[in-house]
Amino acid sequence: MSVPRTLARLPSRSRSARPPRHGALAPSDALAAGPDTSHGVILYLEEITVSFDGFRALDSLTLYVQAGELRCLIGPNGAGKTTLMDVVTGKTRPDSGSAWFGQMIDLLAHTEPEIAEAGIGRKFQRPTVFERHTVFENLELAMAGSKSVWRMLVARPSAGERERIDEVLETIGLTARRFEVAGTLSHGEKQWLEIGMLLMQDPQLLLVDEPVAGMTPQETERTAALLTSLAGNRSVVVVEHDMDFVRSIARTVTVLHEGRVLAEGSIDQVQSDPKVIEVYLGE
Ligand SMILES: Nc1ncnc2c1ncn2[C@@H]1O[C@H](COP(=O)(O)OP(=O)(O)OP(=O)(O)O)[C@@H](O)[C@H]1O
Ligand SMILES: [Mg+2]
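Residues numbered from 1 in each chain as written. Chains lettered and ligands numbered in written order. Predicted model: local features only at pLDDT ≥ 70, side-chain atom pairs only at ≥ 80, totals over all residues.

1. With respect to the overall build of the chain
- In terms of regular secondary structure, the chain is built from 13 helices and 10 strands.
- Looking at the chain residue by residue over its 283 residues, the buried ones come to 41%.
- Taking as baseline every contact in the chain between residues at least 6 positions apart, the subset at least 24 positions apart corresponds to 68%. (Helix = DSSP H or I, 4+ residues; strand = E, 2+ residues; numbered from the N terminus. Buried ≥ 20, exposed ≤ 12 C-beta atoms within 10 Å, placed from the backbone. Contact = placed C-beta atoms within 7 Å.)

Structure (structure tokens):
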């Protein structure tokens, strides 16, 4: 069997670490254990194709994300960026290809809630916080997750839980506003709160779609600092059109075009790539 060219230079799970067909871990145990990133890679997408009525939104797309990485995804409207996130989170099933979270978790074998439980968090563009609750309560509710909102409402958070909320409040820079009702926050602050709500679930991979759209320059700058601080302990994939923002956070940029990877490299490499200038940056 021939190995795709892209795999030859990567620590691919497909070649070196394919899990045994009747492996020691049941799928549910693999989920609970979270992603196995012992090969340095947290996300493997290989030859993913997604068609809508014959139109290929993703066209045999292959992409790898390293553990701890902050990756930016850019590309023109309709390139397939959101569809890629839909595949990773289980919202959209590809027609073909494979998608693995670490070595052991086959994303195509799991439902959306199972994938979230395994450690993939997703932030949509519009903030969806509980407007009538305080910042603190929003984080408390997020901690309850799908488990028991009822329990959370009747019980006070334990010392450990309060500590975790305090930690996240610090991370997202909203400690001083903890007792304010979320509805009074600025657009940027709501975005940070929602990132905080995702962090309460301690995801190993965070997908963030257009985080700085509608933000002031100051908020954009703080968001760059926040996302940069999150990488390392976890992996973050950010879709964004704001190139100054991309420049301020990204080590590696992947450019999508017509459902495929057009270019990948440092921001300087992709910004000077004639193919990228032609389809995207030259607009
Ligand atoms: N549910 C769907 N049904 C039909 N076509 C779809 C569906 N979802 C996406 N598409 C199409 O697939 C293509 C890729 O869309 P996608 O939303 O992934 O692009 P994008 O890169 O996120 O673009 P943008 O920068 O505008 O957000 C587009 O042509 C879009 O119209
Ligand atoms: Mg999109």
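2. Notes on the nonpolar core
- One finds Leu 43, Val 88, Phe 101, Leu 193, Ile 249 and Val 255 to be the most contacted residues of the largest nonpolar core, which totals 76 residues.
- When residues of this core are assigned to domains, at least three map to each of domain 1 (5–129 + 185–281) and domain 2 (130–184).
- If sequence neighbours within four positions are ignored, Phe 101 has contacts with Pro 35, Ile 42, Leu 43, Leu 107, Ala 118, Ile 120 and Leu 205. (Core = buried A, V, L, I, M, F, W, Y, C linked by C-beta atoms within 7 Å. Domains from an automatic or database assignment.)

3. Some details on the sheet that holds strand β2 (residues 55–66)
- Within the open sheet, the 4 strands sit side by side as β2-β1-β4-β5. Their pairing is antiparallel. The open sheet is flanked by β2 and β5 (105–106), the only strands paired with a single partner.
- Sheet topology note: the strand β1 (residues 41–52)/β2 ladder contains 8 bridges and is antiparallel. Residue Tyr 44 lies in a different strand from β2, and its bridge partner there is Tyr 64. (Pairing = 2+ DSSP bridges.)

4. A look at the site of ligand 1
- All residues in the neighbourhood of ligand 1 are listed as Phe 52, Ala 57, Gly 75, Asn 77, Gly 78, Ala 79, Gly 80, Lys 81, Thr 82 and Thr 83.
- Counting residues per element, the shell around ligand 1 draws most heavily on helix α4 (residues 81–88), which supplies 3 residues.
- Its residues placed into classes, the shell around ligand 1 shows 3 nonpolar, 6 polar and 1 charged. (Near = placed C-beta within 6 Å. Nonpolar A, V, L, I, M, F, W, Y, C, P; charged D, E, K, R; others polar.)

5. A look at unusual backbone geometry
- In this structure, Ser 60 takes a positive phi of about 55 degrees despite not being glycine.
- With respect to the helices and strands, the residue Ser 60 is situated in strand β2.

6. Here we look at the sheet that holds strand β6 (residues 120–123)
- Strand order across the open sheet formed by 6 strands is β6-β7-β8-β3-β9-β10, with mixed pairing between neighbours. One side of each edge strand has no neighbouring strand; the edge strands of this open sheet are β6 and β10 (260–265). Averaged over all pairs of adjacent strands, the angle between strand axes in this sheet comes to 20 degrees, irrespective of strand direction.
- Relative to β10, strand β9 (residues 252–257) runs antiparallel, the two being bridged by 5 bridges. (Axes fitted to C-alpha atoms, helices over the stretch in contact; angles between N-to-C directions.)

7. Some thoughts on the confidence of the model for the chain
- Looking at the chain as a whole, the pLDDT averages 87, with 86% of positions reaching at least 70.
- Scored below 50 in pLDDT, residues 1–11 shows 12 contacts in the model against residues more than four places distant or in partner chains.
- Every residue in residues 15–24 is under pLDDT 50, and counting partners more than four places away or in other chains gives 8 contacts. (pLDDT = per-residue confidence, 0-100.)

8. Observations concerning the environment of Ala 32
- Along the chain, the position of Ala 32 falls in helix α3 (residues 27–33).
- With 85 residues separating them in the primary sequence, Ala 32 and Glu 117 have C-alpha atoms 7.7 Å apart.

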